[in-house]
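Spelled out, the chains give:
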Amino acid sequence: MNNAVNDGVWSGSWVAERLGVQLVGDDGLTQMLGLALRRNPKRAHLLVSNVLGKHVPQSPSVVYGAGFALGRRVRDLLGAEEAARAVVLGYAETATGLGHSVADGVGLAPYLHSTRRPVAGVDRAGGFEESHSHATSHLLLPEDPALLAGDGPLVLVDDEFSTGNTVLNTIRDLHSRYPRRRYVVVALVDMRSAADSGRLKEFAREIGARVDLVAAASGTVQLPEGVLEKGQALVARYEAESAAGGGSSSAAPSGPVAQFPAPLEGVAVEADQRADPPGARGTARPAPTGPHPADERTHPHVTRVELAWPRGLPDGGRHGFTPQHRTRLEAALPAMAARLVEALPADARRVLVLGFEELMYAPLRLARELEQVADAEVSYSTTTRSPVLAVDDPGYAIRTRLVFPAHDDPDDGPGERYAYNVAGAGFDAVTAVVDSTADTPELHAPDGLLAQLTAHTPCVLLAVVPSYVPEPPPRLAVSPGDTTTMLPEPLRGPAFSSYAPEEVGWLLQDLSDVTLEAPTEEREEAIQSGGAHYAESLPVEYQPSEQYQALFHTALEESAARLAQAVGAVTELVLAERSPRPVLVSLARAGTPVGVLMRRWAQFRHDLELPHYAVSIVRGRGIDANALRWLAQHHDPRDVVFVDGWTGKGAITRELAVALEEFEKSDGVTGFDPEIAVLADPGSCVRTYGTREDFLIPSACLNSTVSGLISRTVLRADLVGPNDYHGAKFYRELAGADVSVAFLDAVAARFPEVVDAVEATAKELLSGDRAPTWEGWAAVERISEEYGIHDVNLVKPGVGETTRVLLRRVPWKILARAGAGADLDHVRLLAEQRGVPVEEVAELPYTCVGLIHPKYTRGATGADGKAVNV
């Protein structure tokens with residue numbers, strides 16, 4: 001079926017009639033493709049895709065849907081297991097967005113596209129040549145070189161598969177470096193000749209790999225003899241006529257307004273299943289004829305729209321783009337599209353989102369989101385390096401051309417760039433989307449892209465996406481004789497802790513044979529008098545009564561699903577924002593069960609085996625520097641994510657930030673991120689959390705018996721030398737009361753039922769404002785003064801911290817939010833056992849707050865409150 005845009009005129013007929021070029025193949029081939037003439041000495045014709053979104057403005061749902069459908073076909077071809085191991089590689093510049101869309105359709109595949117923009121400080125992982133192109137050299141610049149080093153299938157995506165030379169060059173280069181068993185070539189159209197098809201099969205036999213092909217349509221281009229010379233002569237003649245007539249290649253031609261292809265029949269729009277039905281709002285239609293309501297308006301200045309692009313999110317696949325990046329982008333798209341809608345004129349009927357050369361995917365996703373919410377017809381296309389002759393004829397695919405200077409300081413020097421089929425199209429508004437590297441004076445110059453656009457539309461918006469540049473690898477300073485190279489490997493169960501060895505590695509030294517426990521009252525007196533630090537001794541392990549153990553199991557049963565949802569949400573945030581393969585580092589010991597659960601969620605939901613360690617951090621003393629040195633020697637610090645159970649007033653959050661800053665100065669190691677990931681953040685101290693509700697986390701109810709039988713950490717000068725890890729004890733004798741693994745299993749068993757809730761929660765968190773307010777710290781300061789304590793360290797906010805006060809310290813009183821229910825059953829029981837009053841308080845920001853006795857004497861336990869004045 002031909003593309004009946006202008007009374008049945010195919011947009012390739014002009015070239016076909018003059019050069020004798022023929023397209024032969026599937027019925028839908030001419031519907032997908034038009035023809036134009038290249039200004040290129042190597043090839044005369046250009047196949048102009050109506051679904052690529054490069055030269056021809058098209059509905060973004062059609063563009064994205066075409067690539068997504070191809071990705072689904074690849075997934076079906078490979079099967080779920082192989083698809084999960086695949087990597088997708090797209091070609092610059094034309095197929096960068098198509099490759100992204102294919103990767104989305106495949107599902108879990110990371111994506112990388114070639115680039116013609118060298119990036120300082122990023123090493124090449126490969127490259128190849130595209131012989132027929134006007135710009136031949138392709139670079140591969142992944143942030144993680146391991147992206148190409150796996151043995152899973154490599155999926156190569158281009159807009160057209162013409163001779164196969166580019167694909168052969170790519171496979172030849174990559175196979176010599178990273179051999180694998182299977183390749184899949186994906187294209188919108190397969191236009192190879194029979195000879196070229198045979199050559200690919202022979203090449204596959206030669207390298208001993210399987211090569212499959214997936215295409216939306218197939219056929220061949222029949223070229224008469226001498227077509228290159230005829231095409232060059234035709235281009236020269238038309239350009240000479242244009243120059244002689246005083247026309248400008250940057251202006252809209254006289255004659256009929258350019259027409260644009262309608263959505264194609266048979267092109268699937270699968271992604272999210274939310275595309276409008278054929279003919280509905282948002283699909284591309286021919287430009288209106290006659291006077292346009294906006295013609296009388298004066299052209300306003302260009303309006304810059306702040307997208308609030310997520311921090312650290314790559315702008316595309318130049319250095320790699322993971323499924324977690326995609327999740328994070330999708331969560332942020334509604335808010336960014338809303339900002340674009342707000343900036344558009346209220347009466348805009350036809351809107352174009354114009355991408356920039358290799359930056360195709362981000363503008364495409366923005367355009368598609370805008371298409372869903374804007375009360376206007378939205379189209380999408382991008383600028384290009386490709387020089388093509390423009391002819392204002394219904395039978396020619398490139399009707400108009402804007403010409404402007406390059407504005408991204410390209411490595412190959414200044415030159416012309418182009419935007420096709422934009423001039424004369426009747427767009428009420430054009431949103432130009434560029435990366436920050438391209439937001440240069442040349443972009444804003446009198447002859448730049450923005451000025452060209454303002455001559456052809458009454459409203460121009462500019463949205464700038466931050467250019468993502470990988471950080472240089474961290475520098476680890478090791479001086480001669482440095483003993484950090486001899487740091488021991490992590491301790492693991494069952495020799496140290498009741499956790500399975502793969503669940504966590506403890507960067508601690510075993511002090512199990514050292515007597516460290518002291519009676520609670522003695523410890524409190526020494527700590528408050530300044531005679532000892534709390535980390536220099538251990539409290540006697542609390543042995544729960546049968547009643548308390550029953551309360552723990554009841555609380556676990558009632559809260560397991562709630563915990564599972566929070567675990568899933570915080571893990572999804574970490575995968576989306578921090579690292580696609582994070583190294584979890586729990587702050588021992590409260591963070592350790594949470595770290596194990598996050599590791600289990602990543603394995604359950606994403607089939608990821610994440611490294612997990614536990615390290616010591618001590619308030620007032622900082623984090624274990626030797627543990628950091630070991631981590632820096634074995635992992636990229638940028639992948640390390642510190643994990644804790646919950647936040648109280650945020651003291652450990654601040655402690656970690658200061659400690660990492662000091663470590664960077666002392667050791668020269670950069671990359672550790674002080675942001676802590678927590679299950680619950682009732683104090684509003686961090687950005688990465690599963691919930692901000694203050695509820696009972698059953699692991700806070702107990703001590704070592706829910707934490708792998710490991711004590712809290714110890715830092716004492718006579719036990720921990722300058723080259724030692726901080727210490728801890730393994731209470732093997734408490735194995736009969738151990739519920740550590742039972743706790744983990746109970747929560748993990750609820751993972752399948754909370755998948756949908758986690759997805760919704762993570763999407764909401766990723767798109768929302770999670771900036772810390774430090775509300776908890778302010779509340780603690782207020783309570784400290786109101787109750788005459790004058791020491792924030794003696795105020796322990798939240799259910800978890802209050803429980804610790806009752807188990808380890810000398811409690812003075814408990815403040816409970818009025819109306820708090822079952823979340824405080826265990827607190828009330830412990831308070832009753834210790835004779836501590838529970839005072840209900842209205843408008844408490846936490847469910848409860850534990851107050852350590854401020855003027856400690858041995859007889860003050862459970863005092864009525866008046867002892868503060870003693």
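Source: prediction; values computed, not measured.

1. Details of the pattern of salt bridges
Here is step 1 of the chain: Applying the stated criterion across every chain, the model contains 38 salt bridges.
Here is step 2 of the chain: Its salt-bridge partner being Asp681, residue Arg692 comes within 2.9 Å of it at the nearest N-O pair. Taken together, the residues span a long stretch of sequence, with Arg692 in the loop between strand E28 (688–691) and strand E29 (727–728) and Asp681 in the loop between strand E27 (676–680) and E28 at a distance of 11 residues.
Here is step 3 of the chain: Ionic contacts of the salt-bridge type, sharing partners, join the residues Glu82, Arg85, Asp151 and Arg181 into one network.

2. Regarding the sheet that holds strand E10 (residues 210–222)
Here is step 1 of the chain: What the 6 strands build is an open sheet, ordered E1-E10-E9-E8-E4-E5; its pairing is mixed. Either end of the sheet is taken by a strand with one partner, and the two such strands are strand E1 (22–25) and strand E5 (111–113). Looking at each pair of strands side by side, their axes are set apart by 30° on average, direction ignored.
Here is step 2 of the chain: Bridge count between strand E4 (residues 87–90) and E5: 3 bridges; the pairing is parallel. The residue of E5 that forms the bridge with Leu89 is Leu112.
Here is step 3 of the chain: Contacts from helix H6 (residues 165–177) reach E4, strand E8 (154–161) and strand E9 (182–190), with the element oriented near 160° to E8.

3. Comments concerning the packing of aromatic side chains
Here is step 1 of the chain: As enumerated under the stated definition, the model contains 14 aromatic pairs in all.
Here is step 2 of the chain: Centre to centre, the rings of Trp601 and Phe751 are 5.0 Å apart; their planes meet at 80°, and the pair counts as edge-to-face. Of this pair, Trp601 sits in helix H15 (residues 591–606) while Phe751 is found in the loop between helix H18 (740–748) and helix H19 (755–767), placing the two residues 150 residues apart along the sequence.
Here is step 3 of the chain: For Trp601, a relative accessible area of 0% corresponds to the buried category.
Here is step 4 of the chain: A connected cluster of aromatic rings, assembled from ring pairs, spans Phe496, Tyr499, Trp506 and Phe730.
Here is step 5 of the chain: If you follow Arg654 out to its NZ or CZ, it ends over the ring of Trp774, 4.4 Å from the centre.

4. Section: the sheet that holds strand E18 (residues 505–506)
Here is step 1 of the chain: Taken together, 6 strands build an open sheet; the order of strands is E18-E23-E22-E26-E27-E28 and the sheet is parallel. Two strands close off the open sheet at either side, each with one partner strand: E18 and E28.
Here is step 2 of the chain: Relative to strand E26 (residues 640–646), strand E22 (residues 583–587) runs parallel, the two sharing 4 bridges. Each bridged residue has a counterpart across the sheet, and for Val585 the counterpart in E26 is Phe642.
Here is step 3 of the chain: In the packing of helix H16 (residues 625–634) onto the sheet, contacts are made with E22, strand E23 (612–615) and E26, and the angle to E23 comes to roughly 160°.

5. Points about the side chain of His319
Here is step 1 of the chain: Looking at where His319 falls in the secondary structure, it is placed in the loop between strand E11 (303–305) and helix H9 (323–343).
Here is step 2 of the chain: Residue classification places His319 among the buried positions, given a relative accessible area of 5%.
Here is step 3 of the chain: A distance of 2.9 Å separates the side chain of His319 from the backbone oxygen of Leu141, its partner in a polar contact.
Here is step 4 of the chain: Apart from the residues within four sequence positions on either side, His319 is in contact with Leu112, Val119, Val122, Leu141, Pro142, Glu143, Tyr468 and Pro470.

6. Things to note about the confidence of the model for the protein
Here is step 1 of the chain: In this model, the protein carries an average pLDDT of 81, and 83% of its residues clear a pLDDT of 70 or more.
Here is step 2 of the chain: Predicted confidence for residues 857–870 stays below pLDDT 50, and this span has 26 contacts to residues more than four positions away or in other chains.

7. What to know about unusual backbone geometry
Here is step 1 of the chain: Of the consecutive residues Gly493 and Pro494, the connecting peptide bond is found in the cis state with omega at 0°.
Here is step 2 of the chain: By secondary structure assignment, the location of Pro494 is in the loop between strand E17 (460–465) and E18.
Here is step 3 of the chain: Arg589 follows Ala588 through a cis peptide bond whose omega is 0°.
Here is step 4 of the chain: By secondary structure assignment, the location of Arg589 is in the loop between E22 and H15.
Here is step 5 of the chain: The backbone of Ser497 shows a phi angle near 95°, a positive value even though the residue is not glycine.
Here is step 6 of the chain: Within the secondary structure layout, Ser497 lies in the loop between E17 and E18.
Here is step 7 of the chain: Note on Ser497: relative accessible area 1%, which makes it buried.
Here is step 8 of the chain: Phi is positive for Asp607, close to 55°, though the residue is something other than glycine.
Here is step 9 of the chain: The residue Asp607 is located in the loop between H15 and E23 in this model.

8. A look at the pairing of strand E16 (residues 429–435)
Here is step 1 of the chain: The element E16 is largely enclosed, with a buried count of 7 among its 7 residues.
Here is step 2 of the chain: The pairing of strand E12 (residues 350–355) with E16 spans 4 bridges and is classified as parallel. Each bridged residue has a counterpart across the sheet, and for Leu354 the counterpart in E16 is Ala432.
Here is step 3 of the chain: As defined by bridge partners, E16 adjoins E17 across 6 bridges and the pair is classed as parallel. Residue pairing across strands places Val434 opposite Val464, the latter belonging to E17.

Thresholds applied
Each chain has its residues counted from 1, following the order in which its sequence is written. In view of the model being predicted, local features appear only for residues whose pLDDT reaches at least 70, and side-chain atom pairs are presented and counted only at 80 or more, with totals across whole chains, interfaces and linings using the full set of residues. Processing note: side-chain calculations cover all non-hydrogen atoms of the structure and skip hydrogens and water entirely. Here, a salt bridge means any Lys or Arg side-chain nitrogen found within 4 Å of an Asp or Glu carboxyl oxygen. Only runs of H or I of at least four residues qualify as helices and only runs of E of at least two qualify as strands under DSSP, and these elements are numbered from the N terminus. Two strands pair if DSSP finds at least two bridges between them. Note on geometry: axes are lines fitted to C-alpha atoms, helical ones only across the stretch in contact, with angles between N-to-C directions running from 0 to 180 degrees. Note on contacts: a residue pair qualifies if any of its non-hydrogen atoms lie within 4.5 Å across the two residues. For Phe, Tyr and Trp, rings pair up if their centres lie within 6.5 Å, where Trp contributes its six-membered ring, and each pair is then called stacked (planes under 30 degrees apart), edge-to-face (over 60) or tilted (otherwise). Exposure classes here rest on a 1.4 Å probe applied to the protein chains alone. A residue is buried below 20% of its type maximum, exposed above 50%, and partly exposed in between. Any Lys NZ or Arg CZ that is within 6 Å of a ring centre and within 35 degrees of that ring's normal is treated as a charge sitting over the ring. The term polar contact refers here to a pair of N or O atoms within 3.5 Å; inside protein, the definition further demands a hydrogen-donor-capable atom paired with an acceptor-capable atom, and it admits residues adjacent in sequence only when both atoms are side-chain atoms. Note: pLDDT gives the predictor's confidence per residue, expressed from 0 to 100.

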